[in-house]
Amino acid sequence: MTKITIDPISRVEGHGKITLHQDENQRITQARLHISEFRGFEKFIQGRPYWEVPVMVQRLCGICPVSHHLAAAKAMDRLVGVSQLTPTAEKMRKLMHFGQVLQSHALHFFHLSSPDLLFGYDDEVRHRNIIGVIEDHPELAKQGVLLRKYGQEVVRMTAGKRIHGTGAVPGGINKHLSITERDELLKDIDQIISWSQNAVELFKTIFLRNREYHEQFALISSNMFSLVQADGALELYDGGLRARSADNALIFDQQNPEKYLDLIHEHVESWSFMKFPFIRSLGVDKGWYRVGPLARVNNCDSIDTPLAEQQRVEFKALSADGIVQYTLAYHWARLIEVLHCAESIKQLLHDPDLQGEDLLVKGDMQAVGIGVIEAPRGTLFHHYEINEDGLIKKANLIVSTTNNNQAMNESIRQVADVYLDGRELTEPLLNQLEVTVRAYDPCLSCATHALGKMPLQVDLIDHQGHTTQSLSKA
Amino acid sequence: MASIQIDDKSIDFQPGQSIIQAASNAGVYIPHLCYHPEFTAHGSCRVCMVEVNGRQVSACTTEAQDGMQISHMSDDLQQTRKQVLEMLFAEGNHVCPSCEKSGACTLQSVAEYCGMLTAEFTFQYPQREIDASHEDFILDKNRCINCELCVRASRDIDGKSVFAIAGRGGQAQLIVNAVDGQLGSTDFSVQDRAASVCPVGSILPKHYGFVTPIGQRSFDLKPIEQQQVSGHEG
Ligand code: SF4
């Protein structure tokens, strides 16, 4: 068997490479995205006091720290015996989360993905980046920057800092939203909603312009996994677990997230630092699934904000069987969520509960706490056990990117299968692989290819392990 | 009245006052860690070093003398302070980003005041325990700077002698006076002065981390040079 290695797709925070495995007939049999991420966090929080954890574990990530902060805080709520927060605490946390998802999605779409979509995947690397967008589409670039900034401001006012704040504490929050802060955010919210709507429309136009190509690109068929509200509506902060099969049948619904271990297992492969979660009832081979915007917008029955709901209906109409499997539709779903976040922020800002003074609740200490949240990139599980002194005994985290592990490999395999011509590795193929990985917005900096400088090295290795061809791109 | 000169400022003092007391009364901040106006001066942290007639002395243990010419913010002194602070950071496990004392921590604030950005010494990453045996408090020895404020407070004010420093030099470390060495086995209580004197995040109440939002923590509200002068010491 011939093994082709693309290495590194790495930047500062994670190291990744792709290996493509061919059989004798040069057909791709397997694609492996190797990622080393989050090593050690579960270990080094052992022995630390539980109330430190929401602040400590958010350092896992500089891109979506709020998700870890909130997932951990939800787990800590359970540890302090709280199942219902005060309305102020619950809504402040939701506001923080909407701000976070808004900024993370905006960063991903405008800064990282829009260059591919606006200029085409074969555009020169020197131009296919955010600087290129600023030059050619200054208004759009400005909107991207300001949308992200707005999300960050929401985070700052709820968590205390734009990044790595302290807002959520076990059993509640440490601040409410002052009237001044509320008015500051209200000032721009209509503009933010309108820019979000423009972004969905823009993507829709791009996607439909070359519909067949976009639908087929990296197309796979997968189960979809996410939280939903009790009535089946889209949910990002809290809810029941729902999984839908590739043919749109419910596998399970409204399951208690704290029982996640009854629903999913993690499979280990010797070649990957990242585990492979799967739905237990379906087994390793059939049980892998997708999470994140595509899964959420497919999974829910409705969205509880009007503009995003209209967009969802249109999105769902893309596919005759009611489930949209197109990998590039991740971007579409992501932008629908941006719109939903913007609308939800506006709704919340008009809620006087945000100015409430009742911030914290306490209950009877428990030994186990599990918190599950929909992070921008998908379902995120935090699971902790403490000893009788309140120190962390055990932790298990399943991050969003891990949930998409198998799906990313499958998409890469599909793309390589279509675009790898025999034994010849070409630059267009590398571009296609980048675009594939990026659609999932995985939490590894390689996917961000900051300013288009993502270095790619491709090694072609024969069945005896010898490198026969190298191709690199800087 | 007798007076000393600190840089350009002439300061009157009462006989028997130390340089740091005289300075503090006049609103002049001299950075310090182990000094606290409620307790007998200790002179161990070496952060309050000042230059008296060209010689470096600790301001908390040196009595003010009429006519003393004192410099307290020279480049040399700040350099000495920075090095002392860097050693403290390198010697313990001070992880400000996840420490709940951040923003209210004297070590962090003094380091900032003295312009210490990073410790250039090799970090030692000592293995130290967290004692969470007490119902209301944790004792996180990772962050202890051996200032002995808790030792002095417990012994001199609370009359309990819950804490002590054992060992010498680099081996010196805070211990708890109990047969099993655990805080939970002592009569340490929330009313003790020692319970609220720790300048870093070593002695902290249990279950209540991060309840003060960023922006309202003590050093967010008032910088250390305004807080730690006469009448404002916590
Ligand atoms: S525990 Fe705190 S007060 Fe006690 S010696 Fe250590 S740093 Fe000083």
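Here's what I pulled together on the structure shown here. Only a predicted model underlies this, so the values are computations on that prediction, with no experimental measurement involved. (Residues numbered from 1 in each chain as written. Chains lettered and ligands numbered in written order. Predicted model: local features only at pLDDT ≥ 70, side-chain atom pairs only at ≥ 80, totals over all residues. Heavy atoms only, no water.)

Brief notes about the state of the cysteines
Then, in step 1: Using the criterion set out here, one finds zero disulfides over all chains in the structure.
Then, in step 2: We note that Cys 300 of chain A lacks a disulfide partner, and the nearest cysteine sulfur, in Cys 341 of chain A, lies 13 Å from it. (Disulfide = S-S within 2.5 Å.)

Some details on the sheet that holds strand β12 (residues 368–375) of chain A
Residues and elements named next belong to chain A.
Then, in step 1: A sheet is described by the order of its strands in space; here three strands give the open sequence β12-β13-β14, paired in antiparallel fashion. Edge strands, defined here as strands with exactly one partner in the open sheet, are β12 and β14 (392–398). Each neighbouring strand pair of the sheet contributes to a mean axis angle of 10°, computed without reference to strand direction.
Then, in step 2: Taken together, the six bridges between strand β13 (residues 378–386) and β14 define a ladder with antiparallel strand orientation. Looking across to β14, one finds that Tyr 384 is bridged to Ala 395.
Then, in step 3: Contacts from helix α3 (residues 65–79) reach β12 and β13 within the one sheet, and its direction differs from that of β12 by about 150°. (Pairing = 2+ DSSP bridges. Helix = DSSP H or I, 4+ residues; strand = E, 2+ residues; numbered from the N terminus. Axes fitted to C-alpha atoms, helices over the stretch in contact; angles between N-to-C directions. Contact = heavy atoms within 4.5 Å.)

Some words on helix α12 (residues 306–316) of chain A
All names here are of chain A.
Then, in step 1: Inspection of α12 places Ala 308, Glu 309, Gln 311, Arg 312, Phe 315 and Lys 316 among the buried residues, and these make up the whole buried set. One side of α12 carries all its buried residues, which in axial view fall inside an arc of 160°. Of the exposed residues in α12, those oriented more than 90 degrees away from the buried face are Pro 306 and Gln 310.
Then, in step 2: In this structure, the buried side of α12 is in contact with α7 (179–209), α11 (293–299) and α13 (329–349). (Buried < 20%, exposed > 50% of the residue type's maximum accessible area, 1.4 Å probe, protein only. Arc of directions from axis to C-beta.)

Here's the deal with a nonpolar patch on the surface
Then, in step 1: Taken together, the side chains of Leu 360 of chain A together with Tyr 208 and Val 211 of chain B present a nonpolar region at the surface, about 240 Å² in accessible area.
Then, in step 2: With respect to the helices and strands, the residue Leu 360 of chain A is situated in the loop between α13 and β12. (Patch = residues over 30% accessible without salt bridge, like charges linked within 9 Å, V, L, I, M, F, W, Y side chains within 5 Å. Areas by Shrake-Rupley, 256 points an atom, 1.4 Å probe, with all protein chains shown as cover. Salt bridge = Lys/Arg side-chain N within 4 Å of Asp/Glu carboxyl O.)

Topic: the site of the ligand
Then, in step 1: Close to the ligand lie Cys 144, Ile 145, Asn 146, Cys 147, Glu 148, Cys 150, Leu 174, Cys 198, Pro 199, Val 200, Ser 202 and Ile 203 of chain B.
Then, in step 2: Tallied by class, residues from the shell around the ligand come to nine nonpolar, two polar and one charged. (Near = heavy atom within 4 Å. Nonpolar A, V, L, I, M, F, W, Y, C, P; charged D, E, K, R; others polar.)

Structural notes on the layout of surface pockets
Residue and element names in this part refer to chain B.
Then, in step 1: Size it by volume and the largest pocket reaches roughly 840 Å³.
Then, in step 2: Forming the walls of the largest pocket are 42 residues, and the residues nearest its centre are Glu 100, Lys 101, Ser 102, Ala 104 and Ser 218.
Then, in step 3: Looking at the lining of the largest pocket, the elements that each hand over two or more residues are β10 (203–205) and α5 (218–221).
Then, in step 4: Take the lining of the largest pocket: its biggest share by element is three residues, from β10.
Then, in step 5: Tallied by class, residues from the lining of the largest pocket come to 20 nonpolar, 16 polar and six charged. (1 Å grid on protein atoms, 1.4 Å probe; cavity = no way out; pocket = protein on both sides within 12 Å on 5 of 7 lines; lining within 4 Å. Points joined across faces, edges and corners; volume = space filled by probe spheres on them.)

Here's the deal with unusual backbone geometry
Then, in step 1: Phi at Arg 46 of chain B takes a positive value of approximately 65°, unusual for a residue other than glycine.
Then, in step 2: Positive phi outside glycine occurs at Ser 161 of chain B, with the angle close to 50°.

Section: the side chain of Asp 131 of chain B
All names here are of chain B.
Then, in step 1: Along the chain, Asp 131 turns up in strand β6 (residues 130–131).
Then, in step 2: Although buried, Asp 131 forms no salt bridge, and the nearest oppositely charged side chain, Lys 141, lies 5.7 Å from it.
Then, in step 3: Engagement of the side chain of Asp 131 in a polar contact is seen with the backbone nitrogen of Leu 183, the distance being 2.7 Å.
Then, in step 4: Apart from the residues lying within four places of it in its own chain, the contact partners of Asp 131 are Phe 137, Ile 138, Leu 139, Val 176, Gly 181, Gln 182 and Leu 183. (Lys, Arg positive; Asp, Glu negative; His and termini not counted. Polar contact = N/O pair within 3.5 Å; in protein donor to acceptor, adjacent residues only side chain to side chain.)

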